[in-house]
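Chains, contacts and geometry: an overview
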Amino acid sequence: MVTDPHPAAVPDWLAKLYPFSPKSFRTPGGARMSYLDEGPRGDEAVLMLHGNPTWSFYYRDLVRDLSPGIRCIAPDHIGMGLSDKPGRYDYALASRIADVEALVASLGLRRVHLVVHDWGGVIGFGLATRSPGLIGRIVIMNTAAFPSDRIPARIALCRTPLLGEFIVRGLNGFAEPATWMAMASRRLTWEERKGYLHPYGSWSTRIGVHRFVRDIPMEADHPSRKTLEEVSRGLPRLSANEKMILWGARDFCFDDTFLSRWLEVYPGARVDRLASVGHYVLEDGGGGARTRVTDFLKRQ
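This text gives an overview of the structure that appears in the document. (Residues numbered from 1 in each chain as written. Predicted model: local features only at pLDDT ≥ 70, side-chain atom pairs only at ≥ 80, totals over all residues. Heavy atoms only, no water.)

1. Re the overall build of the chain
Applicable threshold: The numbering of helices and of strands both runs from the N terminus, where a helix is a DSSP run of H or I of at least 4 residues and a strand a run of E of at least 2. For the radius of gyration, the atoms used are the C-alpha atoms, and the globule rule reads 2.2 Å times the number of residues raised to 0.38. Buried means the residue's accessible area, taken with a 1.4 Å probe over protein chains only, is under 20% of the maximum for its type, while exposed means over 50%, and partly exposed covers the values in between. The contact criterion used throughout is that any non-hydrogen atoms of two residues lie within 4.5 Å. For every accessible area listed, the method is Shrake-Rupley and the probe measures 1.4 Å; residues are considered covered only by the protein chains on display.
In terms of regular secondary structure, the chain is built from 12 helices and nine strands. For 300 residues, the compact-globule formula gives about 19 Å, and the C-alpha radius of gyration of the chain, at 18 Å, lands near that figure. Considered along the principal axes of its C-alpha atoms, the chain spans approximately 50 × 45 × 40 Å. Residues counted as buried form 58% of the 300 residues belonging to the chain. In the chain, the proportion of contacts linking residues at least 24 apart, taken out of those at least 6 apart, comes to 76%. Surface accessibility of the chain: about 12,200 Å² in total, with carbon and sulfur atoms responsible for 52%.

Structure (structure tokens):
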């Protein structure tokens, strides 16, 4: 696994909101992963892991806020953002975790502070529970890393055979609705919405969005269920780490039931519950939400 010499280009219109020069990494499966690596070089970094259908664009302002003082790493999972979207790739949770583990190892990181959201939660905790000595502070935003039988009907519909693929890949019926369903206190601007949708403009480029939906391990015999259960069992290994749970209370997917479960696992975690904020916590919560994160991570 080596740095790829051909990173994805950022178009001029997008660079106004996403003013970075992404780097590329060749994952264990051979796909090219795009990632941000901003701030002072060193073996300590904040690792920001996104979910579905977002990409590192979700963390753009947090990267700008934190990177003057600490290294910030924000990858795009394979099939997402500016990373490759191969037809042949094992789009499963175990591979997602392995990709991030390989990226962290390639960068020589010895201390990682986690910021996770949505699917980034179980991926990040997959890394963390396997290497707890690597992990520092943890910020948890509207996510899960444990089994649950709760799923919104609209997401369940997107998991159905044939019809689900047509909705997600043919109609863009997952990424596009997320630009308004994931917000509660404000609307995304036209430019922000365009930025979120930029990587997903066709049937072929929406493969990762669809495969993430298919990989939700609701069923006991789901191929990723075992991996999820392993991560869940390992969560107590991180009990001593400082944690902040930054929670959007108006999330249509990860509601307060999931928050309560996190507090059962980590009863000592700091909780900042934002009553008027939806699923896209950093977008909907704006500067106030980001300040809570930066203050927590910068605290001596």
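2. A closer look at the pattern of salt bridges
Operational definition: Any Lys or Arg side-chain nitrogen located within 4 Å of an Asp or Glu carboxyl oxygen qualifies as a salt bridge.
Inspection of every chain in the model, using the stated rule, returns 23 salt bridges. Between Arg26 and Asp84 there is a salt bridge; the shortest N-O distance is 3.8 Å. You can see Arg26 sitting in strand 2 (residues 23-26) and its partner Asp84 sitting in the loop between strand 5 (71-75) and helix 3 (93-106), a full 58 residues away along the chain. Take Arg26: its relative accessible area is 31%, and that puts it in the partly exposed class. A salt bridge links Glu229 to Arg225, with the nearest nitrogen and oxygen atoms 3.2 Å apart. Within this pair, Glu229 and its partner Arg225 are both found in helix 10 (residues 225-234), separated by four residues, close to a single helical turn.

3. Some words on the pairing of strand 5
Just so we agree on the cut-off: Note on pairing: two strands pair once DSSP finds at least 2 bridges between them. Whether a crossover is right-handed comes down to one check: with the strands pointing away from the viewer, does the path from the first strand over the helix to the second run clockwise; if it does, it is right-handed.
Across the five residues of strand 5, five count as buried, placing the element largely inside the fold. Burial along strand 5 is two-sided: Arg71, Ile73 and Pro75 and Cys72 and Ala74, pointing in opposite directions, are all buried. Bridge analysis of strand 3 (residues 32-38) against strand 5 gives four bridges, and the strand direction is antiparallel. Each bridged residue has a counterpart across the sheet, and for Glu38 the counterpart in strand 5 is Cys72. Read as a crossover between parallel neighbours, the route from strand 4 (residues 44-49) over helix 2 (residues 60-66) to strand 5 is right-handed.

4. Description of the side chain of Asp37
Under the convention used in this document: Within 3.5 Å is the distance limit for a polar contact, defined as a pair of N or O atoms, with the added protein rule that one can donate a hydrogen and the other accept it, and that residues adjacent in sequence qualify only through two side-chain atoms.
Positionally, Asp37 belongs in strand 3. Owing to a relative accessible area of 4%, Asp37 belongs among the buried residues under this scheme. At a separation of 2.7 Å, a polar atom in the side chain of Asp37 contacts the side chain of Arg71. Not counting chain neighbours up to four residues away, the residues in contact with Asp37 comprise Lys23, Arg71, Cys72, Ile73 and Leu107.

5. A few points about the environment of Ser260
In this fold, Ser260 is placed in helix 11 (residues 256-265). Given a relative accessible area of 41%, Ser260 falls into the partly exposed group. With 12 residues separating them along the chain, Ser260 and Gly248 place their C-alpha atoms 13 Å apart.

6. Thoughts on helix 8 (residues 190-197)
Glu192, Gly195, Tyr196 and Leu197 are the residues of helix 8 that are buried. Elements in contact with the buried residues of helix 8: helix 1 (12-15), helix 2, helix 7 (175-181) and helix 12 (281-298).

7. Description of helix 12
For clarity, the threshold we go by: Helix span, expected: 1.5 Å multiplied by one less than the number of residues in the helix. Axes are fitted to the seven residues ending at a residue and to the seven starting at it; the angle between these axes is taken as the bend at that residue.
The terminal C-alpha atoms of helix 12 lie 20 Å apart, and with 18 residues this falls more than 12% below the ideal 26 Å at 1.5 Å per residue. Of all the bends in helix 12, the greatest, near 100°, is centred on Gly287. Inspection of helix 12 places Val281, Leu282, Glu283, Asp284, Gly286, Ala289, Arg290, Val293, Thr294, Phe296 and Leu297 among the buried residues, and these make up the whole buried set.

8. With respect to the side chain of Thr143
Tracing the chain through its elements places Thr143 in strand 7 (residues 135-143). Relative accessible area serves as the criterion here: at 0%, Thr143 is assigned to the buried category. Within the structure, Thr143 has its side chain in polar contact with the backbone oxygen of Asp118 (distance 2.3 Å). Look past the residues within four positions of Thr143 in its chain and what remains in contact with it is Val116, His117, Asp118, Gly121, Val122, Trp247, Phe254, Phe258 and Trp262.

9. What about the packing of helix 3 against helix 4 (residues 120-130)?
Applied cut-off: For helices, the fitted axis covers only the stretch in contact; all axes are lines through C-alpha atoms, and the angles between them, taken along N-to-C directions, range from 0 to 180 degrees. Between 65 and 115 degrees an angle is taken as roughly perpendicular, under 35 as roughly parallel, over 145 as roughly antiparallel, and anywhere else as oblique. By convention the crossing between two helices is left-handed if the near helix lies anticlockwise of the far one by an angle smaller than a right angle, and right-handed if it lies clockwise. Side-chain classes follow a simple rule in which Ala, Val, Leu, Ile, Met, Phe, Trp, Tyr, Cys and Pro form the nonpolar group, Asp, Glu, Lys and Arg form the charged group, and the remainder, Gly included, forms the polar group.
At a minimum axis distance of 9 Å, the contact between helix 3 and helix 4 shows a crossing angle of 60°. Considering their axes alone, helix 3 and helix 4 lie oblique with respect to each other. Between helix 3 and helix 4 lies a crossing whose hand is right-handed. Of the residues in helix 4, those in contact with Leu93, Arg96, Ile97, Val100, Glu101 and Val104 of helix 3 are Val122, Ile123, Gly126, Leu127 and Arg130. Residue composition of the contact of helix 3 with helix 4, grouped by class: seven nonpolar, one polar and three charged.

10. Points about the packing of aromatic side chains
Condition: When the centres of two rings from Phe, Tyr and Trp lie within 6.5 Å, Trp using its six-membered ring, the rings pair. Their planes under 30 degrees apart give stacked, over 60 give edge-to-face, and anything left gives tilted.
Within this structure, the stated rule accounts for 16 aromatic pairs. Here the aromatic rings of Phe57 and Tyr196 are separated by 4.9 Å at their centres, their planes lie at 85°, and the arrangement is edge-to-face. In this pair, Phe57 is assigned in the loop between strand 4 and helix 2 and Tyr196 in helix 8, connecting sequence segments 139 residues apart. Across the pair, exposure class does not vary: Phe57 and Tyr196 are buried alike.

Function cannot be inferred from these measures alone, as they are strictly geometric.
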